[in-house]
Amino acid sequence: MKLINTIYDNYLVKKPWGEEYTIFNNKQKLAITLVKIKPQQGTSLHCHPKKKTGFIIIKGSPKIQVGIHKKNTWKSRPLSILVLRPGLFHSIKNQSNKNDVVALEFETPYIKKDLIRFEDKYGRQEKGYETKNFMVKLKKNNLRFSRSKLKKKYSLFGRKIIIQNVTFKKQILNYNDKSVSAILDGRLIDDKNNTVISFGEIIKTKSLKILTKRFKIHKSLCVLNVI
């Protein structure tokens with residue numbers, strides 16, 4: 001089965017609560033979506049049966065619900081991280097009256113139409129992912145992340161983002177302890193070649209440093225670091 005809908009690589013998707021577009025795509029393995037949620041709006045309570053998802057909050061302090069019970073809701077803040085197993089319902093709601101919430105969403109593997117809605121105040125419970133009628137062509141000034149052997153640096157709503165291929169432990173150990181990191185490709189392994197952490201994982205950089213000291217980088221890691 002073909003997992004990638006390449007149309008989503010070139011279009012911004014309009015949502016009733018805001019907008020999103022694919023800012024990075026590592027073939028079938030992983031994609032990153034830049035998500036903007038308008039003031040007093042929120043995503044549906046939904047799940048993804050086949051893919052693992054995760055978030056890094058870039059801007060704003062949204063309320064996040066995990067599971068179908070509203071009591072499992074808490075207020076997030078910038079550089080908060082959230083990792084969700086396949087099938088786990090979740091929603092993100094912007095409580096601000098003035099400012100957008102901005103987040104990076106990581107999906108592993110890249111399957112945009114892998115979506116089930118449980119609740120949706122916009123009447124989309126029985127509907128799938130948005131069709132082309134809700135898409136507009138990306139502009140040249142829309143930020144896109146790219147993978148390279150060289151270190152890539154970006155600025156996103158006041159946050160500094162670095163993407164680089166890491167082959168030596170020292171490179172990770174030089175990261176800021178207050179930052180967060182996501183593995184875009186590669187893995188850490190133990191002495192028996194068991195995977196300790198792999199692509200699609202989001203982790204506090206301080207914890208990634210501890211794991212890197214203890215385990216080995218298998219060939220290389222592609223790491224996204226946000227501070």
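No experiment lies behind these values; they were computed from the predicted model shown.

What to know about the sheet that holds strand 15 (residues 180-185)
Right, on to step 1. Read across the open sheet, the 5 strands follow the order 13-14-20-15-18; overall the sheet is antiparallel. Lying at the two open borders of the sheet, with one neighbouring strand each, are strand 13 (152-156) and strand 18 (202-204). The mean angle between the axes of side-by-side strands here comes to 25°, regardless of whether they run parallel or antiparallel.
Right, on to step 2. Bridge count for strand 15 against strand 18 is 3 bridges, and the pairing is antiparallel.

Some thoughts on the environment of methionine 135
Right, on to step 1. Along the chain, the position of methionine 135 falls in strand 12 (residues 135-137).
Right, on to step 2. Through-space distance from the C-alpha of methionine 135 to that of lysine 160 is 28 Å; in sequence the pair is 25 residues apart.
Right, on to step 3. If sequence neighbours within four positions are ignored, methionine 135 has contacts with Ile7, Tyr8, Tyr11, Leu12, Val13 and Glu130.

Focus: the side chain of arginine 117
Right, on to step 1. Among the structural elements, arginine 117 can be located in strand 11 (residues 116-119).
Right, on to step 2. Engagement of the side chain of arginine 117 in a polar contact is seen with the side chain of serine 44, the distance being 3.4 Å.
Right, on to step 3. From its side chain, arginine 117 meets the backbone oxygen of lysine 127 in a polar contact 2.8 Å long.
Right, on to step 4. Other than its neighbours up to four places away in sequence, arginine 117 contacts Lys15, Ser44, Leu45, His46, Arg124, Gln125, Lys127, Gly128 and Glu130.

Considerations on the packing of aromatic side chains
Right, on to step 1. Under the definition given, this model contains 3 aromatic pairs.
Right, on to step 2. Seen from their ring centres, tyrosine 8 and tyrosine 129 are 5.2 Å apart, and the 90° between their planes marks the pair as edge-to-face. In this pair, tyrosine 8 sits in the segment before strand 1 (11-15) while tyrosine 129 sits in the loop between strand 11 and strand 12, placing the two residues 121 residues apart along the sequence. The same class applies to tyrosine 8 and to tyrosine 129, which are both buried.

Section: helix 2 (residues 205-214)
Right, on to step 1. Among all positions of helix 2, only Thr205, Leu208, Lys209 and Thr212 are buried. Down the axis of helix 2, the buried set is contained in an arc of 105°. They therefore lie on one face. Of the exposed residues in helix 2, those oriented more than 90 degrees away from the buried face are Lys206, Ile210 and Arg214.
Right, on to step 2. Buried positions along helix 2 lie against helix 1 (169-173), strand 15, strand 16 (187-189), strand 18 and strand 20 (221-226).

What to know about the pattern of salt bridges
Right, on to step 1. Within the structure shown, the criterion is met by 14 salt bridges.
Right, on to step 2. Residue glutamate 130 is joined to arginine 117 by a salt bridge in which the shortest nitrogen-to-oxygen separation is 3.5 Å. On the criterion of sequence distance, the pair formed by glutamate 130 in the loop between strand 11 and strand 12 and arginine 117 in strand 11 is long-range, its members being 13 residues apart.
Right, on to step 3. What makes glutamate 130 buried here is its relative accessible area of 6%.
Right, on to step 4. Of the charged contacts, one joins aspartate 185 and arginine 147 as a salt bridge, the two residues approaching to 2.7 Å between their closest N and O atoms. Of this pair, aspartate 185 sits in strand 15 while arginine 147 sits in the loop between strand 12 and strand 13, placing them 38 residues apart in sequence.

Some remarks on the side chain of serine 179
Right, on to step 1. Relative to the helices and strands, serine 179 resides in the loop between helix 1 and strand 15.
Right, on to step 2. Note on serine 179: relative accessible area 1%, which makes it buried.
Right, on to step 3. A polar atom in the side chain of serine 179 sits 2.9 Å from the side chain of asparagine 225.
Right, on to step 4. The residues contacting serine 179, other than those within four sequence positions of it, are Lys204, Thr205, Asn225, Val226 and Ile227.

Some points on the pairing of strand 1
Right, on to step 1. Burial runs high along strand 1: 4 of the 5 residues are buried.
Right, on to step 2. Relative to strand 2 (residues 18-26), strand 1 is paired through 4 bridges, and the arrangement is antiparallel. By the bridge assignment, lysine 15 is partnered in strand 2 with glycine 18.
Right, on to step 3. Between strand 1 and strand 2, which pair antiparallel in sequence order, lie 2 residues.

The rules behind these values
Residues numbered from 1 in each chain as written. Predicted model: local features only at pLDDT ≥ 70, side-chain atom pairs only at ≥ 80, totals over all residues. Heavy atoms only, no water. Pairing = 2+ DSSP bridges. Helix = DSSP H or I, 4+ residues; strand = E, 2+ residues; numbered from the N terminus. Axes fitted to C-alpha atoms, helices over the stretch in contact; angles between N-to-C directions. Contact = heavy atoms within 4.5 Å. Polar contact = N/O pair within 3.5 Å; in protein donor to acceptor, adjacent residues only side chain to side chain. Phe/Tyr/Trp six-rings, centres within 6.5 Å; stacked < 30°, edge-to-face > 60°. Buried < 20%, exposed > 50% of the residue type's maximum accessible area, 1.4 Å probe, protein only. Arc of directions from axis to C-beta. Salt bridge = Lys/Arg side-chain N within 4 Å of Asp/Glu carboxyl O.

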